[in-house]
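Tertiary structure, described
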Amino acid sequence: MRSRRWPVLLLAALGVLAGGAVVVSNLVVVLRTGDQVVREPDAVRPAQVAIVPGSLVRPDGSLGDVVQERLDAAVALHEAGTVEKILVSGDNGDPSYNEPDAMRDAALAAGVPAEDVFTDYAGFSTWHTMRRAREVFEVESAVVVTQGFHTARAVDLGVAAGLEVQGLATDDGSHTARELLARVRGLWEATVEPRVTPGDPLPITGDGRTSWAQ
């Protein structure tokens, strides 16, 4: 009987460890970013750029509700003069699916000057977006604009990437079960697998059109 219990006990122990890792990871991320997340645009300190992480783009090229909300808030920061540029970063791993260009086109349609809109076509995850912002676009100070559930992780990974970063939450801050696991993944990427897709320098102080795909 004892030999049959060992697999059960081992699985139970692994479950406890996994659950503990999720809890600890989430506490670390939330506690060390709390004072860098704001919910009112007027509370955002001036920065070089608003970073807009990608999300669902519809087949017709229109933005899904999540990314539309992010982009609208970033455009408002630009109009207010709080940020100088907007960096849209998303998935373009499949030629038939292009988040950055759809986000860029929406920003242009909203009246943002073309030279102020940068595109990052290799923002495959929040960590990739933040580290490429620092290494490829040479960003020093940024506001990451996203939903409340995502801001803590985005800010935490921005700090890990070497940015002076604050987060603007575009909603009330509710969280999802998926985000609890995503924070664990983010910490793993930043500490164990930090490498991201490299690229030629595209300084955020220059003309955003140099970053657009030809």
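Preceding block: the structure.
Since this is a predicted model, take the numbers as computed values, not measurements.

About the cut-offs
- Residues numbered from 1 in each chain as written.
- Predicted model: local features only at pLDDT ≥ 70, side-chain atom pairs only at ≥ 80, totals over all residues.
- Heavy atoms only, no water.
- Helix = DSSP H or I, 4+ residues; strand = E, 2+ residues; numbered from the N terminus.
- Buried < 20%, exposed > 50% of the residue type's maximum accessible area, 1.4 Å probe, protein only.
- Contact = heavy atoms within 4.5 Å.
- Areas by Shrake-Rupley, 256 points an atom, 1.4 Å probe, with all protein chains shown as cover.
- Phe/Tyr/Trp six-rings, centres within 6.5 Å; stacked < 30°, edge-to-face > 60°.
- Core = buried A, V, L, I, M, F, W, Y, C linked by side-chain atoms within 4.5 Å.
- Right-handed = clockwise from strand over helix to strand, strands pointing away.
- Pairing = 2+ DSSP bridges.
- Salt bridge = Lys/Arg side-chain N within 4 Å of Asp/Glu carboxyl O.
- Expected span 1.5 Å × (residues − 1).

Turning our attention to the overall build of the chain. Per the secondary structure count, the chain includes six helices and six strands. Going from the N terminus to the C terminus, the chain shows its helices and strands as α-β-β-α-β-α-β-α-β-α-β-α. Counting over 214 residues, the chain shows a buried share of 46%. The contacts of the chain with a sequence gap of at least 6 include a subset with a gap of at least 24, amounting to 76%. Just so you have it, the chain exposes about 11000 Å², and 57% of that area is on carbon and sulfur atoms.

So, on to the packing of aromatic side chains. This model, assessed by the stated rule, comprises one aromatic pair. When the ring of Phe-118 is compared with that of Phe-137, the centres are 6.2 Å apart and the planes differ by 90 degrees; the resulting orientation is edge-to-face. Of this pair, Phe-118 sits in strand β4 (residues 117-120) while Phe-137 sits in the loop between α4 (126-135) and β5 (141-146), and the two are 19 residues apart along the sequence. Among the residues examined, Phe-118 registers a relative accessible area of 0% and is labelled buried.

Once that is clear, we can look at the nonpolar core. Val-143, Val-145 and Leu-168 are the most contacted members of the largest nonpolar core, which totals 24 residues. Residue assignment for this core shows that the elements contributing at least two residues are β2 (47-53), α2 (65-79), β3 (83-89), α3 (99-109) and β5. At six residues, α2 tops the list of elements feeding residues into this core. Beyond its immediate chain neighbours, meaning those up to four positions away, Val-143 contacts Val-44, Arg-45, Ala-47, Val-49, Ala-50, Ile-51, Leu-77, Val-83, Gln-166 and Leu-168. Ile-51, Ala-154, Val-196 and Ile-204 belong to the second largest nonpolar core, which has 20 residues in total.

This part is about the pairing of β4. Every second residue of β4 is oriented toward a common face, with Val-117 and Thr-119 on one face and Phe-118 and Asp-120 on the other, all of them buried. Handedness of the β3-α3-β4 crossover: right-handed.

For the rest of this paragraph, the subject is the sheet that holds strand β6 (residues 164-169). Strands sit in the order β1-β6-β5-β2-β3-β4 across an open sheet of six strands; the sheet is parallel. On the outer flanks of this sheet lie β1 (37-38) and β4, each paired with one strand and no other. Bridge count for β2 against β5 is three bridges, and the pairing is parallel. Note on β5: the bridge partner recorded for Val-49 is Ala-142.

It is worth spelling out the pattern of salt bridges at this point. The tally for this structure, following the rule as stated, stands at six salt bridges. Residues participating in the shared-partner salt-bridge network are Asp-101, Arg-104 and Asp-105.

So, about α2. In this model, α2 (15 residues) spans 21 Å end to end at C-alpha, consistent with the 21 Å of a helix rising 1.5 Å per residue. Those residues of α2 that fall on the buried side of the exposure criterion are Val-67, Arg-70, Leu-71, Ala-73, Ala-74, Val-75, Leu-77 and His-78. Tucked inside the fold, the buried residues of α2 contact β2, β3, α3, β5, α5 (148-160) and β6. Two residues or fewer after α2 comes Gly-81, characterised by a positive phi angle close to 80 degrees.

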